[in-house]
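# Chains, contacts and geometry: an overview
One letter stands for each residue in the lines below.
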Amino acid sequence: TPSGTWRGSVRKTGTGTLTYNTLVGAPLLDVRGGTVKVVPTGDEGSLPVFGSLGGTSGGTIDFDGREYAVAGLEGSPNVVCPKLTVTSGWTLDAASLDDFEGVSVDGVLEFSGDAVLTVLNKDAVEDAGRRRHYAVATATGGILGLPDCGANAHGWSFSVSEDGKSLMLHSPDVGLKFILR
């Protein structure tokens, strides 16, 4: 059941499928349960524009067999489309990375040259005193490009698995900490 708008955005919870067939997008399409099927509308068969896609592993966003470009990602949505391109940003919360299930794309996941990672709550991992590695995205069709770990990431980095279908996030190498008395 869709819960209507949430801070100007669309959030779906529960089970079942909601068909989204309007050209009016939203700042965020957040799917936490069931499926939102986004279908083309209008004379040209256009898809609505969403600022970001978000959600949890319990929700799926289906773009009805069409490629889609979105400015940002939040959380760990499951996305079904031949190719999902992230053009601007990706926000990850380091405090939840141990339980993070990752973005899942049934198709290709591409990051454009302007895509930048923002890591929130970096101290949650950096205080642990050791480098950690997280699988943060999978794509059945492979991963193209990497988001920039710009100035806000402070030593965070990415790598792609050998098969090209998994994206790993590496926390900074914080080194050993000694206390001398």
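The structure presented is a predicted model; accordingly, all values stated were derived computationally and were not measured.

### What about the overall build of the protein?
- What the protein contains, in helices and strands, is 1 helix and 15 strands.
- Taken over 181 residues, the protein has a buried fraction of 43%.
- Long-range contacts, defined here as pairs at least 24 residues apart, represent 53% of the contacts in the protein between residues at least 6 apart.
- Here the protein has roughly 9000 Å² of accessible surface; of this, 49% comes from carbon and sulfur atoms.

### Some details on the packing of aromatic side chains
- Counted by the stated rule, this structure contains 4 aromatic pairs.
- Ring geometry for Trp90 against Phe111: centres 5.5 Å apart, planes inclined by 20°, an arrangement best described as stacked. Residue Trp90 is located in strand S9 (residues 78-93), and its partner Phe111 is located in strand S10 (residues 103-111); the two are separated by 21 residues in the primary sequence. For the pair Trp90 and Phe111, one class covers both residues: buried.
- Taken together, the ring pairs connect Trp90, Phe111 and Phe158 into an aromatic cluster.

### Some thoughts on the confidence of the model for the protein
- Of all residues in the protein, 81% have pLDDT values of 70 or greater, and the mean over the chain is 81.
- When mean pLDDT is taken per element in the protein, strand S13 (residues 143-144) scores highest with 96 and strand S1 (residues 2-6) scores lowest with 40.
- Within the model, the stretch residues 1-7 combines pLDDT values under 50 with 13 contacts to residues more than four positions away or in other chains.
- Counted against residues more than four places away or in other chains, residues 175-181, with its pLDDT under 50, gives 3 contacts.

### As for the pattern of salt bridges
- For the structure on display, the rule yields 4 salt bridges.
- As a salt-bridge pair, Asp30 and Arg32 come within 2.8 Å of each other at their nearest N and O atoms.
- Residue classification places Asp30 among the buried positions, given a relative accessible area of 2%.
- Since its relative accessible area comes to 39%, Arg32 is described here as partly exposed.
- One network of salt bridges, with partners in common, ties together Arg11, Asp30 and Arg32.

Rules and cut-offs
- Residues numbered from 1 in each chain as written.
- Predicted model: local features only at pLDDT ≥ 70, side-chain atom pairs only at ≥ 80, totals over all residues.
- Heavy atoms only, no water.
- Helix = DSSP H or I, 4+ residues; strand = E, 2+ residues; numbered from the N terminus.
- Buried < 20%, exposed > 50% of the residue type's maximum accessible area, 1.4 Å probe, protein only.
- Contact = heavy atoms within 4.5 Å.
- Areas by Shrake-Rupley, 256 points an atom, 1.4 Å probe, with all protein chains shown as cover.
- Phe/Tyr/Trp six-rings, centres within 6.5 Å; stacked < 30°, edge-to-face > 60°.
- pLDDT = per-residue confidence, 0-100.
- Salt bridge = Lys/Arg side-chain N within 4 Å of Asp/Glu carboxyl O.

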